[in-house]
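# Fold and contact review
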Amino acid sequence: MDDIRDYVKERYARAIKNSTSCCRSGACCCGTTGASDILNMTRGNYDGEILENTPEHMADQSFGCGNPFTEARIHPGETVLDLGSGAGLDLFLASEATGPYGKVIGLDMTDEMLETAAENLRGLDNVTLVKGYIEDMPLESGTVDVIISNCVINLSPDKGKVLKEAFRVLRPGGRFCVSDTVFLRPVTERAVKNLAAWSGCISGALQEAEYAALLKEAGFIDVEVRRTKVYEMPDALAAMTFPELSPEERNEINGALASAIILGKKPLVKPEEGRDFTVRRATSGDVPAIAALLEENGLTPLGVAETPENFLVLEYSGIAAVAGMEILGDTGLLRSLAVRRKDRKKGFGERMTDAVIDRAREKGVRTVYLLTETAERFFGRAGFTAARREDIPAPLMQSSALDRVCPQGSAVLRLFLG
């Protein structure tokens, strides 16, 4: 395993030192510069709109074979892990998608790549670079929402271990969405070796069914291997690129290789109320934990210490979630809904929303408002619809302190309780 790692490190270190993509250097994933664009793996993976805000040179340092963002569906506030993050293009895009309250982790084993990424991503506070191996990820279990990668896992000498590690670090309900190369049919060892000499991203490629089987063995569900590009190589080009192969062997290569989006999900196991967690009214002793939880989620703790009785907390090995309801007459303002980062995807956000609304209904509230910058879809599923900021009674906004901290651009939502 160490020999393979050293070989991959050397190739990618050389490529990034040349400050060119693998298509231009012939060092990594795209073949020799004499080959045709027919087998150019990096070209066209990202459209101009996606790359609009990225530093101009960063796209030229991409060694990928696809675009994992087409299916990753990263949401604001999520934690994203990029396996083999390279010079940082996908880290930059993930940073934009997850926003200031999310977290993006780039894992790479090559010093030169990490140094280049650090320079490219300077000023992005939500990105962390980590040196390590994808077969032994230096991360806590159950701490990641989404795993992405781009033409890296095929280079690993132990892909089964990579996928088991991916499953371990994902939270329940977490998503696996990577781009990688796959073989569409069996290919002889001699043909693979010739392809490997042409491209470092091919020698370790699995067949589609093998990839899916390893994901399922690791524990993933909803597994899918979706082809995105099939690489055709007409005989004339194959004869020029691989002169030592026979016509039969060249024909074997034609159309046997593809780029694909590989998808999987870690099963969601929701804790059971009463057995695993409880929801209760907050007390003054909970204020420090509530404040820390709100700050972790980018929310203000203003007003919590003065009126802890307006908040509910969910206990699950400590306070894992909180939500508050400020009430004025028959109007309520739902505020400070937050779930501990490591406990997301367990249904706690939905449970706390229901709990504070039920409590408001018991107190005679007929209309509930809220302000949000990132969770319109979440609250939309709970029945909230768009409203105007001026619809919220001014004394209610002032008593909650949200008039001082919520940006004017925040979405205002409303729910009628009847």
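Residues numbered from 1 in each chain as written. Predicted model: local features only at pLDDT ≥ 70, side-chain atom pairs only at ≥ 80, totals over all residues. Heavy atoms only, no water.

Right, let's talk about the overall build of the chain for a bit. A tally of helices and strands in the chain yields 15 helices and 15 strands. When the 418 residues of the chain are sorted by exposure, 56% land in the buried category. Taking the contacts inside the chain whose residues are at least 6 apart along the sequence as the reference set, 74% of them involve residues at least 24 apart. With an accessible surface of roughly 18400 Å², the chain has 49% of that area assigned to carbon and sulfur atoms. (Helix = DSSP H or I, 4+ residues; strand = E, 2+ residues; numbered from the N terminus. Buried < 20%, exposed > 50% of the residue type's maximum accessible area, 1.4 Å probe, protein only. Contact = heavy atoms within 4.5 Å. Areas by Shrake-Rupley, 256 points an atom, 1.4 Å probe, with all protein chains shown as cover.)

To characterise two packed helices, one gives the angle between the axes of the helices and the distance between these axes. Helix H8 (residues 208–218) packs onto helix H6 (residues 159–169) with a crossing angle of 45° between their chain directions and a minimal axis gap of 9 Å. Relative to H8, H6 is oriented oblique. In this structure, H6 meets H8 at a crossing whose hand is right-handed. For the pair H6 and H8, contact is made by Lys 159, Gly 160, Leu 163, Lys 164 and Phe 167 and by Tyr 211, Leu 214, Leu 215, Glu 217 and Ala 218, respectively. (Axes fitted to C-alpha atoms, helices over the stretch in contact; angles between N-to-C directions. Parallel < 35°, antiparallel > 145°, perpendicular 65-115°, else oblique. Left-handed = near helix turned anticlockwise from the far one by under 90°.)

This part covers the nonpolar core. Within the largest apolar cluster, 32 residues are counted, with the highest numbers of intra-cluster contacts made by Leu 81, Leu 83, Ile 147, Ile 153, Phe 176, Tyr 211 and Ile 262. For this core, the elements supplying multiple residues, two or more each, are strand E1 (79–83), strand E2 (103–108), strand E4 (144–150), H6, strand E5 (170–183), H8 and strand E8 (257–265). If one sorts the elements of this core by residue count, H6 sits on top with five residues. Beyond its immediate chain neighbours, meaning those up to four positions away, Leu 83 contacts Leu 107, Ile 134, Met 137, Ile 147, Ile 148, Ser 149, Asn 150, Val 152, Ile 153 and Val 162. (Core = buried A, V, L, I, M, F, W, Y, C linked by side-chain atoms within 4.5 Å.)

This part takes up the environment of Arg 122. Position of Arg 122 among the secondary structure elements: in the loop between helix H5 (111–120) and strand E3 (127–131). At 2.4 Å, the side chain of Arg 122 forms a polar contact with the side chain of Glu 119. (Polar contact = N/O pair within 3.5 Å; in protein donor to acceptor, adjacent residues only side chain to side chain.)

Once that is clear, we can look at the pairing of E3. The side chains of a regular strand alternate, residue by residue, between the two faces of the sheet. Sheet topology note: the E2/E3 ladder contains five bridges and is parallel. Each residue of the ladder has a partner; that of Val 104, found in E3, is Val 127. (Pairing = 2+ DSSP bridges.)

On to helix H4 (residues 89–98), then. Along H4, eight of the ten residues are buried, which leaves the element largely enclosed by surrounding structure. As for H4, its buried residues are in contact with helix H3 (69–72), E1, E2, E3 and E4. Once H4 ends, the next one or two residues include Gly 99, with phi positive near 75°.

Backbone geometry places Ser 317, a non-glycine residue, at a positive phi of 55°. By the secondary structure assignment, Ser 317 is in the loop between strand E10 (311–315) and strand E11 (319–328).

Looking at the secondary structure, you find Phe 277 in the loop between E8 and strand E9 (278–281). Taking the relative accessible area as the measure of exposure, Phe 277 reaches 6% and is therefore buried. Considered as a pair, Phe 277 and Ser 317 are 40 residues apart in the sequence and their alpha carbons are 8.1 Å apart. Not counting chain neighbours up to four residues away, the residues in contact with Phe 277 comprise Pro 271, Glu 272, Leu 314, Glu 315, Tyr 316, Phe 348 and Arg 351.

Glancing now at the pattern of salt bridges. Close approach of charged atoms allows side chains of opposite charge to pair. With the rule as written, the count across this model stands at 24 salt bridges. The salt bridge partner of Lys 346 is Asp 343, with a shortest N-O separation of 3.4 Å. Overall, Lys 346 belongs to the buried group, its relative accessible area being 10%. For Asp 343, a relative accessible area of 3% puts it in the buried group. For the salt bridge of Asp 391 with Arg 388, the shortest nitrogen-to-oxygen distance reads 2.9 Å. (Salt bridge = Lys/Arg side-chain N within 4 Å of Asp/Glu carboxyl O.)

In this section: the environment of Val 144. Within the secondary structure layout, Val 144 lies in strand E4. On a C-alpha basis, the gap between Val 144 and Arg 171 in space is 5.6 Å, while along the polypeptide they are 27 residues apart. Ignoring any residue separated from it by four or fewer positions in sequence, one finds Val 144 in contact with Thr 79, Val 80, Leu 81, Val 169, Leu 170 and Arg 171.

What follows is about the packing of aromatic side chains. Any two aromatic rings considered together are summarised by their centre-to-centre distance and by the angle between their planes. Tallied over the full model, the rule gives six aromatic pairs. With 5.3 Å between their ring centres and 85° between their planes, Phe 167 and Phe 220 make a pair best called edge-to-face. Of the two residues, Phe 167 is situated in helix H6 and Phe 220 in the loop between H8 and strand E7 (221–231); the sequence distance between them amounts to 53 residues. According to the relative accessible area criterion, Phe 220 is buried, its value standing at 4%. Judged by centre distance (5.0 Å) and plane angle (85°), the rings of Phe 378 and Phe 379 are edge-to-face. Residue class for Phe 379 comes out buried when judged on its relative accessible area of 6%. Each member of the aromatic cluster is reached from another via a ring pair, and the members are Phe 167, Phe 176 and Phe 220. Looking at Lys 266, its charged tip hangs above the ring of Phe 167, at a distance of 4.8 Å from the centre. (Phe/Tyr/Trp six-rings, centres within 6.5 Å; stacked < 30°, edge-to-face > 60°. Lys NZ or Arg CZ within 6 Å of the ring centre and 35° of its normal.)

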